[in-house]
Amino acid sequence: MASYLQIADDEKGHDLNLFCIPRHYENDLDKVIIPHGLIMDRTERLARDIIQDMGGHHIVALCVLKGGYKFFADLLDYIKALNQNSDKSVPLTVDFIRVKSYCNEKSTNSVKVIGGDELSHLAGKNVLIVEDIVETGRTMQTLLSLLSECNPKMVKVVSLLVKRTPRSSGYRPDYIGFEVPDGFLVGYALDYNEYFRDLSHICILNDHAKEKYRV
């Protein structure tokens with residue numbers, strides 16, 4: 001089973017005043033639940049675990065857009081540093097896919113995959129799917145089913161966050177950064193209707209903001 005850092009349901013988080021929060025979001029957030037520095041330290045360890053498990057093989061890192069782009073970039077920077085500074089290195093190429101399953105704070109219960117028709121080149125490859133958050137798990141299960149039709153050699157999934165929720169299908173990624181409570185999280189490229197991607201820390205969205213940015 002994948003190891004992870006657990007954020008408890010009763011985690012009090014951190015006062016917004018202790019961090020640099022963009023002024024335009026100051027009234028939209030309840031608290032900082034994962035500071036940026038902690039995200040970076042955990043991501044560095046995930047990079048090391050991935051290299052230890054998948055090293056020696058060419059890896060195609062597949063970024064799930066849009067929410068995964070920041071985690072993807074930082075994770076690959078750490079993998080690149082490991083390649084440059086250790087005896088064990090791995091050839092790495094990248095690709096991108098977009099998956100959409102949310103409107104406002106609710107899952108639509110349907111998964112839209114954009115770019116899946118271009119994944120046939122992953123046949124016989126070692127694929128690392130890089131995701132920002134796994135909630136019900138249905139989105140990732142749909143993507144894995146799509147990928148299996150392309151006959152990759154191996155598929156591993158790394159997700160920065162996994163949410164504890166009764167809506168979960170039971171799916172768990174191979175690598176997990178943090179297990180988090182069932183709240184609506186934004187920041188570090190996680191969005192609410194495209195807002196908050198420009199927030200460095202992972203924060204809990206307040207009810208006022210859900211109405212303010214609703215579409």
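All values reported here derive from a predicted model rather than from experimental measurement.

Regarding its fold elements, the protein chain presents four helices and 10 strands. Starting at the N terminus and ending at the C terminus, the protein chain contains elements arranged as β-β-α-β-α-β-β-β-α-β-β-β-β-α. Taking 17 Å as the expected radius of gyration for a compact globule of 215 residues, we find that the protein chain reaches 17 Å, a close match to that expectation. Counting only C-alpha atoms and orienting by the principal axes, one finds that the protein chain spans roughly 50 × 40 × 30 Å. Out of the 215 residues in the protein chain, the part that is buried amounts to 49%. Long-range pairs, those at least 24 residues apart, make up 69% of the contacts in the protein chain between residues at least 6 apart in sequence. Here the protein chain has roughly 10600 Å² of accessible surface; of this, 48% comes from carbon and sulfur atoms. Of note, the protein chain has its 26 positive side-chain charges centred 2 Å away from the centre of its 30 negative side-chain charges.

Let us look at the packing of aromatic side chains. To describe a pair of aromatic rings, you give the distance between the ring centres and the angle between the ring planes. On inspection of all chains with the given rule, the structure shows five aromatic pairs. Ring centres 5.5 Å apart and planes at 85° place the aromatic pair phenylalanine 184 and tyrosine 192 in the edge-to-face group. For phenylalanine 184, a relative accessible area of 13% corresponds to the buried category. Among the aromatic residues, ring-to-ring pairing joins Tyr25, Tyr195, Phe196 and Tyr213 into one connected group.

The subject of this paragraph is the pairing of strand β8 (residues 175-180). In terms of residue burial, β8 counts as a mostly covered element, since six of its six residues are buried. Pairing of strand β1 (residues 5-6) with β8 involves two bridges; the strand directions are parallel. Along β8, the bridge assignment pairs glutamine 6 with glutamate 179. Looking at chain direction, strand β7 (residues 154-163) and β8 are connected through five bridges and run parallel. Of the residues in β8, the one forming a bridge with serine 159 is isoleucine 176.

Moving on: the sheet that holds strand β9 (residues 185-186). Either a parallel or an antiparallel arrangement is found when strands of a sheet pair, and the pairing is made through backbone hydrogen bonds. Across the sheet, three strands lie side by side as β2-β10-β9; this open sheet has antiparallel pairing. Taken across any chain shown, the strands that pair with only one partner, and hence form the sheet edges, are β2 (29-34) and β9. Bridge analysis of β9 against strand β10 (residues 202-205) gives two bridges, and the strand direction is antiparallel. Counted as the bridge partner of leucine 185 is isoleucine 204 from β10.

Another aspect to go through is the packing of helix α1 (residues 36-54) against helix α2 (residues 69-85). Relative to each other, α1 and α2 sit at 55°, their axes nearing to 9 Å. The pairing of α1 with α2 is recorded here as oblique in orientation. Every pair of crossing elements has a handedness; the one defined by α1 and α2 is right-handed. Contacts between α1 and α2 pair Met40, Thr43, Glu44, Leu46, Ala47, Arg48, Ile50 and Ile51 from the former with Phe71, Asp74, Leu75, Tyr78, Ile79, Leu82 and Asn83 from the latter.

This structure, assessed with the given rule, holds 13 salt bridges. Between lysine 212 and aspartate 28 there is a salt bridge; the shortest N-O distance is 3.4 Å. One end of the pair, lysine 212, is in helix α4 (residues 207-212); the other, aspartate 28, is in the loop between β1 and β2, and 184 residues separate them in sequence. Given the relative accessible area of 45%, lysine 212 is considered partly exposed. By sharing partners, the salt bridges in this structure join Asp9, Arg164, Arg172 and Glu179 into a single network.

Calculation notes
Residues numbered from 1 in each chain as written. Predicted model: local features only at pLDDT ≥ 70, side-chain atom pairs only at ≥ 80, totals over all residues. Heavy atoms only, no water. Helix = DSSP H or I, 4+ residues; strand = E, 2+ residues; numbered from the N terminus. Rg over C-alpha atoms; globule rule 2.2 N^0.38 Å. Buried < 20%, exposed > 50% of the residue type's maximum accessible area, 1.4 Å probe, protein only. Contact = heavy atoms within 4.5 Å. Areas by Shrake-Rupley, 256 points an atom, 1.4 Å probe, with all protein chains shown as cover. Lys, Arg positive; Asp, Glu negative; His and termini not counted. Charge placed at Lys NZ, Arg CZ, Asp CG, Glu CD. Phe/Tyr/Trp six-rings, centres within 6.5 Å; stacked < 30°, edge-to-face > 60°. Pairing = 2+ DSSP bridges. Axes fitted to C-alpha atoms, helices over the stretch in contact; angles between N-to-C directions. Parallel < 35°, antiparallel > 145°, perpendicular 65-115°, else oblique. Left-handed = near helix turned anticlockwise from the far one by under 90°. Salt bridge = Lys/Arg side-chain N within 4 Å of Asp/Glu carboxyl O.

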